[in-house]
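Tertiary structure, described
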Amino acid sequence: MNAQTDYLMQEGPAGPLEVAIDRPEDPAQGVAVIAHPHPLHGGTLSNKVVQTLARACVLAGLTAVRFNFRGVGRSGGSYDEGRGECDDLLSVVQAQAPAGPLVLAGFSFGAFVTSQVAARLAPERELRHLLLVGTAASRFDVAPVAPELHARTLVIHGEQDDTVPLGAVMEWARPQLLPVLVVPGGGHFFHGQLPLLRELVLRHLRS
């Protein structure tokens, strides 16, 4: 993402996990861990939306941690339909952000995994913010967001997403009365609208 990106390998539940870390210029005010799209459909830590989320987090003064799920890039193991991927995300949080302010973010499949991990962490760890982009609600069992976290949660979806229909996300959000920020004309990958996505995320992180 930039010349200051540090790459490392850490131990994960199914083998080593490849991690990329971007740091702000000033002392970090917390850590954001960002999950990438579906491993079997080209999702990696270098996905443009994931990089956009990381850039917004760095601009907000956070250390941004991206990683490859098991079986992706240099990460060991193989795809586990979301179960093992939740464990991967938890292991990255434990290794890279064991204490202090924490932001969880995910795109598409990564948003599904992030929702599950946020629900598991809720009893023991406060989240500063939760960012769910292009949430794969039509394909996976996205966990509901705890009511006390709603004000710190940003759900963004493209109006014209043909990978995950906006209606599926609305059906997930409606029973929770959880607002969804819709990007007019936006597709799943926000082509041509990544600067807008970055600004929307940055605005939320600074609120």
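Note that the coordinates shown come from a computational prediction; the quantities given were computed from them, not determined experimentally. (Residues numbered from 1 in each chain as written. Predicted model: local features only at pLDDT ≥ 70, side-chain atom pairs only at ≥ 80, totals over all residues. Heavy atoms only, no water.)

What to know about the side chain of Thr-52
As for its placement among the helices and strands, Thr-52 is situated in helix H1 (residues 48–59). At a separation of 2.8 Å, a polar atom in the side chain of Thr-52 contacts the main-chain carbonyl oxygen of Lys-48. (Helix = DSSP H or I, 4+ residues; strand = E, 2+ residues; numbered from the N terminus. Polar contact = N/O pair within 3.5 Å; in protein donor to acceptor, adjacent residues only side chain to side chain.)

Regarding helix H3 (residues 109–121)
Taking 1.5 Å per residue as the helical rise, H3 with its 13 residues ought to reach 18 Å, and the 18 Å between its terminal C-alpha atoms agrees with that figure. The complete set of buried residues in H3 reads Phe-109, Gly-110, Ala-111, Phe-112, Val-113, Thr-114, Ser-115, Val-117, Ala-118 and Leu-121. Against strand E3 (31–35), helix H2 (83–96), strand E5 (102–107) and strand E6 (129–133) lie the buried residues of H3. (Expected span 1.5 Å × (residues − 1). Buried < 20%, exposed > 50% of the residue type's maximum accessible area, 1.4 Å probe, protein only. Contact = heavy atoms within 4.5 Å.)

Thoughts on the pattern of salt bridges
Here the structure, examined in full by the defined rule, presents nine salt bridges. A salt bridge links Asp-6 to Arg-23; the nearest nitrogen and oxygen atoms lie 2.5 Å apart. Of the two residues, Asp-6 is situated in strand E1 (residues 6–12) and Arg-23 in the loop between strand E2 (15–22) and E3; the sequence distance between them amounts to 17 residues. Look at Asp-6 and you get partly exposed, because its relative accessible area is 37%. Taken together, the shared-partner salt bridges in this structure form one network comprising Asp-80, Glu-81 and Arg-83. (Salt bridge = Lys/Arg side-chain N within 4 Å of Asp/Glu carboxyl O.)

Regarding the nonpolar core
If you look at the biggest cluster of nonpolar residues, it comprises 42 residues, and the most contacted ones within it are Val-33, Leu-102, Leu-104, Val-113, Val-117 and Trp-172. Breaking this core down by element, the ones donating at least two residues are E2, E3, strand E4 (63–67), H2, E5, H3, E6 and helix H4 (166–173). Here this core gets seven residues from one element, more than from any other, and that element is H3. Not counting residues up to four positions away in its chain, the partners in contact with Val-117 are Cys-86, Leu-89, Leu-90 and Leu-104. In terms of nonpolar packing, the next biggest core, distinct from the first, is built from 26 residues, Ile-34, Leu-62, Ile-156 and Phe-190 among them. (Core = buried A, V, L, I, M, F, W, Y, C linked by side-chain atoms within 4.5 Å.)

Some details on the state of the cysteines
Scanning the entire structure with this criterion turns up zero disulfides. The thiol of Cys-57 is not disulfide-bonded; the next cysteine sulfur, from Cys-86, is found 19 Å away. A relative accessible area of 0% places Cys-57 in the buried class. Residue class for Cys-86 comes out buried when judged on its relative accessible area of 5%. (Disulfide = S-S within 2.5 Å.)

Details of the packing of aromatic side chains
One pair of aromatic rings is described through two measures. These are the centre distance and the angle between the planes. What the rule picks out here adds up to seven aromatic pairs. Judged by centre distance (5.6 Å) and plane angle (85 degrees), the rings of Phe-69 and Phe-109 are edge-to-face. Taken together, the positions of Phe-69 in the loop between E4 and H2 and Phe-109 in helix H3 put the pair 40 residues apart, joining distant regions of the chain. Its relative accessible area of 0% is what places Phe-69 among the buried residues. Residue Phe-109 is classed as buried on the basis of its relative accessible area of 1%. Pairwise contacts between aromatic rings join Phe-67, Phe-69, Tyr-79, Phe-109, Phe-112 and Phe-140 into one cluster. (Phe/Tyr/Trp six-rings, centres within 6.5 Å; stacked < 30°, edge-to-face > 60°.)

Some details on the pairing of E6
In terms of burial, E6 is largely enclosed, as five of its five residues are buried. The side-chain alternation of E6 yields two buried faces, one formed by His-129, Leu-131 and Val-133 and the other by Leu-130 and Leu-132. Here five bridges tie E5 to E6, and the two strands are oriented parallel to one another. Paired with Ala-105 across the bridge in E6 is Leu-131. (Pairing = 2+ DSSP bridges.)

As for the pairing of E5
E5 sits mainly inside the fold: six of its six residues count as buried. Burial of E5 is two-sided: the residues Leu-102, Leu-104 and Gly-106 facing one way and the residues Val-103, Ala-105 and Phe-107 facing the other way are all buried. Inspection of the sheet shows E3 paired to E5 by five bridges, in the parallel sense. Within E5, the residue paired with Ala-35 across the bridge is Gly-106.

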